[in-house]
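# Structural characterization, general
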Amino acid sequence: MKFETIAIHAGERPDMTFGAISVPIYQTSTFTFEDVGKTRGYDYSRTANPTRKVLEDTIARLEGGKAGFAFATGMAAEATVIHLLKAGDHVISGDDVYGGTYRLFENVMRDFGLEFTFLRMDSRQAIEEVIRPNTKMLWLETPSNPLLNIVDIEMVVDIAKRHNILTVMDNTFATPYLLRPIEYGVDLVVHSTTKYLNGHCDVVGGAVVTTTDELTERVQFLLNAMGTCASPFDCWLVLRGIETLPVRMERHQENAFAVANYLKGHPAVKRVFYPGLDSHPGHEIVKKQMKGFGGMVSFELKGGAGAVNSFLRRVNVVSLAESLGGVASLVEHPATMSHASMPKEYQEKVGITDELIRLSVGLENIDDLIDDLRQALEPD
Ligand SMILES: Cc1ncc(COP(=O)(O)O)c(C=O)c1O
């Protein structure tokens, strides 16, 4: 089956009991036993749930992995994956990852004895130089949040394999429709399903996809032990969203491409970050690595905080809000919103300036979007 078909039919669908075409929401905490010591396949919803299972199977197939797991949030998925490690282990992470990922690593896991090095993953030499004997994990995000930097996954995986290091890729921005990291040898994929996979800004959720039996067993163990799983209703919402992922992604990127080109030519705009532009340093890699350029556009305005605040206050069709990947366009200010958990000096070091704005381009009519951006950029 092709991607679009898997998105609609993977997992146990239609359901075995009554043939419902929409996956039933098994809103139950527990399941009766058939006999002493004999379940009907499920015993308790923290461990496993039939609605969740359909979502997990669907995501696993879309990513081309061994098994999928659905979590309460993207951060719950990440927290679970980082527990594959133990005190004393070292992680090399991209330096401009999502602010919450940075916070989990730097402000939570460091206290439990994990070591972290944050690095721009754009050179083989730079990565190899920071590998230590205790390096156990390489954490990638491409396109990165919020700067849309591109990592050459093949290069990073090659380094990781030579040094026996586990690779984890946050595939939230690209989604498996545009990028399938497992095909490049990545060991684990994580998602904030809150974003494109759900696509409607009505749920928070996360996912992990594994590639080996050992990782599958370990992630299932941790999910159950840590209780980080998603609720049945939230799984159903994400499943419903995934059914339209391919068509949504096509339109997201069509609109984003038009928006990036519009912004690029506007005199109030200092710089545009969009992997689809020839001028983007990762453009050539993205052309060979992804099936498209995605729906996120970041840009810097001229005119400092005044110009940024005026723009953010004036947008009308586009809403000022955290998050991304929904049908409605959202705009945010990474320095004070999504990436506020990074200290100022760190933001500056990685390139998250006060002038930076991140736009999640939605599915509205492109003319309305551009008109809205124009009136926000050109106050009378
Ligand atoms: C790339 C990326 N990864 C992970 C997360 C965390 O996901 P959640 O908000 O669902 O916990 C986010 C949230 O913005 C994100 O953008």
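Overview of the structure. The structure presented is a predicted model; accordingly, all values stated were derived computationally and were not measured.

### Topic: the overall build of the protein chain
Helix and strand counts for the protein chain come out as 14 helices and 12 strands. Its C-alpha atoms give the protein chain a radius of gyration of 21 Å, within 12% of the compact-globule value 21 Å for 380 residues. Oriented by its inertia axes, the alpha-carbon framework of the protein chain measures out at about 75 × 50 × 35 Å. Here the protein chain holds 380 residues, and the buried ones make up 55% of them. The long-range share in the protein chain, meaning contacts at least 24 apart out of those at least 6 apart in sequence, stands at 72%. Total accessible area on the protein chain stands at roughly 15900 Å², and carbon and sulfur atoms take up 53% of it. Placing the 37 positive and 50 negative side-chain charges of the protein chain at their respective mean positions leaves the two points 2 Å apart.

### Here's the deal with the sheet that holds strand S5 (residues 166–170)
Strand order in the open sheet formed by seven strands is S1-S7-S6-S5-S4-S2-S3, and the pairing between neighbours is mixed. Every interior strand has two partners, whereas the edge strands, strand S1 (67–71) and strand S3 (115–119), have only one. Across the sheet, the mean angle from the axis of one strand to that of its neighbour is 20°, orientation sign disregarded. In terms of strand pairing, strand S2 (residues 90–94) meets S3 through five bridges, oriented parallel. For Val 91, the partnering residue across the bridge sits in S3 and is Phe 116. Against the sheet, helix H2 (residues 50–63) makes contact with S1, strand S6 (188–192) and strand S7 (206–210), and its axis sits at roughly 125° relative to S1, the strand it touches most. Packed onto the sheet, helix H6 (residues 153–162) meets strand S4 (135–141) and S5 and runs at close to 175° relative to S4.

### Focus on the pattern of salt bridges
Using the criterion set out here, one finds 21 salt bridges in the structure. Residue Asp 89 is joined to Lys 86 by a salt bridge in which the shortest nitrogen-to-oxygen separation is 3.8 Å. Residue classification places Lys 86 among the exposed residues on the basis of a relative accessible area of 54%. A salt bridge links Asp 158 to Arg 162; the shortest N-O distance between them is 3.0 Å. In this pair, Asp 158 and Arg 162 are both assigned in helix H6, four residues apart and thus about one turn of the helix distant. Overlapping salt bridges bring together Glu 34, Lys 38 and Arg 40 as one network.

Criteria and thresholds
Residues numbered from 1 in each chain as written. Predicted model: local features only at pLDDT ≥ 70, side-chain atom pairs only at ≥ 80, totals over all residues. Heavy atoms only, no water. Helix = DSSP H or I, 4+ residues; strand = E, 2+ residues; numbered from the N terminus. Rg over C-alpha atoms; globule rule 2.2 N^0.38 Å. Buried < 20%, exposed > 50% of the residue type's maximum accessible area, 1.4 Å probe, protein only. Contact = heavy atoms within 4.5 Å. Areas by Shrake-Rupley, 256 points an atom, 1.4 Å probe, with all protein chains shown as cover. Lys, Arg positive; Asp, Glu negative; His and termini not counted. Charge placed at Lys NZ, Arg CZ, Asp CG, Glu CD. Pairing = 2+ DSSP bridges. Axes fitted to C-alpha atoms, helices over the stretch in contact; angles between N-to-C directions. Salt bridge = Lys/Arg side-chain N within 4 Å of Asp/Glu carboxyl O.

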